[in-house]
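Take a look at the letters that make up each chain.
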Amino acid sequence: MLVAVVALVPAASAAPRGDGSRHVVVKYGLSFLNLGVGTADLTADLTPERYAIGLTGRLTGLAGWFFQGDGTARSSGRLSPAGAVPSTFRIDSRYGTAPVRVLVTFDAGTVRKAEVEPEPQPKPDRVPVTAADTTNVTDPIGMLAVQVGPGPLVPAMCDRRIPVFDGAARADIALSRGTVVQVAAGPYRGAALECRIRWIPVAGHRAKGSSVRRMSENDDMRVRLAPITEAGLLLPLSIAVGTGWGTARIETTSWNAAPAKPAHADP
């Protein structure tokens with residue numbers, strides 16, 4: 001991004017352990033039309049070379065009444081200057097009363113095995129996933145960890161395109177139009193990086209699907225990223241997605257670090 005920004009208070013400092021690893025805990029609230037609809041907890045166990053990130057979410061309030069759902073997603077692998085290089089990605093969730101399970105294994109950024117239950121239904125307009133679509137990719141959880149150096153935040157850090165494979169579909173997440181902002185209220189206060197998001201479908205999606213068209217044409221999506229001190233990472237502070245009915249938001253309710261169980265990262 002552009003210039004050094006002096007933080008109002010220190011950024012979240014990942015709690016150190018005796019072996020030099022760090023443990024980070026971030027809690028989020030989900031809202032739509034300013035009504036609370038869910039919560040999510042992110043935990044990250046980090047070493048200089050490895051990561052294990054877990055995200056647990058649940059619908060609550062009115063949304064939980066009409067659309068019952070909860071789940072956990074986990075990603076583990078190694079960290080590189082280009083970003084997270086996953087070794088495993090897993091989802092265990094429930095949509096209504098139906099379980100949804102995903103397990104993807106990677107080798108140096110290439111998908112080796114992908115299992116999805118239930119499998120996507122065959123459709124004439126579904127774009128086939130090729131071997132090229134599953135090479136040099138990360139997963140939907142690993143993409144949340146954006147590595148940064150020791151310098152200040154600058155807008156150019158937003159200029160990146162992240163290839164993501166979720167077990168059934170490949171898409172690119174394009175970040176752009178970065179700005180550095182000062183956050184003066186909430187659990188985190190200090191410099192943060194705000195980026196525009198574009199979702200670009202590549203394969204596995206339905207080419208004629210109305211939701212695919214709406215998402216790919218949506219230019220009203222933003223993410224705000226904040227630094228984790230000493231971990232060399234940016235993690236999401238908030239996400240806003242504009243829709244035809246209003247704005248869906250994911251906002252931090254707790255931004256801290258605390259000792260916890262050992263990381264589940266692969267050896």
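This text goes with the structure placed above it.
Report follows, based on the coordinates. (Residues numbered from 1 in each chain as written. Predicted model: local features only at pLDDT ≥ 70, side-chain atom pairs only at ≥ 80, totals over all residues. Heavy atoms only, no water.)

What follows concerns the pairing of strand β4 (residues 35–46). Summarising the sheet, strand β3 (residues 22–32) and β4 pair through 11 bridges and their orientation is antiparallel. From the neighbouring strand, V25 faces β4, where its bridge partner is T43. Two strands pair when backbone bridges link them, and β4 and strand β5 (residues 50–59) are joined in this way by 9 bridges, in the antiparallel orientation. Considered in β5, the bridge of T39 is made with R58. Count of turn residues in the β4/β5 antiparallel hairpin: 3 residues. (Pairing = 2+ DSSP bridges. Helix = DSSP H or I, 4+ residues; strand = E, 2+ residues; numbered from the N terminus.)

With that settled, the discussion passes to the environment of A82. Along the polypeptide, A82 turns up in the loop between β6 (69–80) and β7 (83–95). Once the C-alpha coordinates of A82 and V148 are considered, the two residues, 66 residues apart in sequence, prove to be 9.3 Å apart.

Cis rather than trans, the peptide bond between E117 and P118 has omega equal to -5°. Locating P118 in the fold gives a position in the loop between β9 (110–117) and β10 (146–147). Not every positive phi belongs to a glycine, and L33 is a case in point at roughly 55°. Its location among the elements puts L33 in the loop between β3 and β4. Phi angles above zero are rare outside glycine, and N136 is one such case at about 55°. Tracing the backbone shows N136 in the loop between β9 and β10.

Here we come to the environment of A240. As for its position among the elements, A240 is in strand β15 (residues 233–243). Judged by its relative accessible area of 7%, A240 is buried. Sequence separation between A240 and D220 is 20 residues; the distance between their C-alpha atoms is 8.0 Å. When sequence neighbours within four positions are dropped, the list of residues in contact with A240 reads D220, M221, R222, T247, A248 and R249. (Buried < 20%, exposed > 50% of the residue type's maximum accessible area, 1.4 Å probe, protein only. Contact = heavy atoms within 4.5 Å.)

Moving on, we get to the state of the cysteines. All chains considered together, the criterion is met by 1 disulfide. The disulfide partner of C158 is C195, and the gap between their sulfur atoms is 1.7 Å. Looking along the S-S bond of the C158-C195 disulfide, the torsion reads about -75°, which is the left-handed sense. You can see C158 sitting in the loop between β10 and β11 (160–165) and its partner C195 sitting in strand β13 (residues 190–203), a full 37 residues away along the chain. This pair shows no difference in class: C158 is buried, exactly as C195 is. (Disulfide = S-S within 2.5 Å.)

Bringing the nonpolar core into the picture now. Membership of the largest hydrophobic core comes to 33 residues, with the highest contact counts inside it found for L42 and W255. Among the elements that take part in this core, β4 stands out by supplying 4 residues, more than any other. Non-local contacts of L42, meaning those with residues more than four positions away in its chain, are made with V24, V25, V26, Y28, I53, G54, L55, L144 and L235. If you look at the next biggest cluster of nonpolar residues, it comprises 18 residues, including L153, M157, I162 and C195. (Core = buried A, V, L, I, M, F, W, Y, C linked by side-chain atoms within 4.5 Å.)

Another aspect to go through is the packing of aromatic side chains. Enumeration over the complete set of coordinates arrives at 1 aromatic pair. Considering the side-chain rings of Y188 and W255, the 5.5 Å spacing of their centres and the 65° angle between planes classify their relative orientation as edge-to-face. On the criterion of sequence distance, the pair formed by Y188 in the loop between β12 (170–183) and β13 and W255 in strand β16 (residues 246–256) is long-range, its members being 67 residues apart. Residue W255 is classed as buried on the basis of its relative accessible area of 8%. (Phe/Tyr/Trp six-rings, centres within 6.5 Å; stacked < 30°, edge-to-face > 60°.)

Pairing geometry for β7 and strand β8 (residues 98–107), over 8 bridges, is antiparallel. Bridged to T88 within β8 is T105. Taken together, the 7 bridges between β8 and β9 define a ladder with antiparallel strand orientation. In the sheet register, T105 faces β9, and the bridge partner there is K113. Linking β8 to β9, which pair antiparallel, is a turn of 2 residues; within it A108 sits at a positive phi near 55°.

On to the pattern of salt bridges. Tallied over the full model, the rule gives 14 salt bridges. Between D92 and R90 there is a salt bridge, and its shortest N-O distance comes to 2.8 Å. For D92, a relative accessible area of 24% translates into the label partly exposed. In this structure, E194 and R224 form a salt bridge, with 2.6 Å as the shortest nitrogen-oxygen distance. One end of the pair, E194, is in strand β13; the other, R224, is in strand β14 (residues 221–229), and 30 residues separate them in sequence. (Salt bridge = Lys/Arg side-chain N within 4 Å of Asp/Glu carboxyl O.)

Fair warning: the whole summary comes from geometry, so function is off the table for now.
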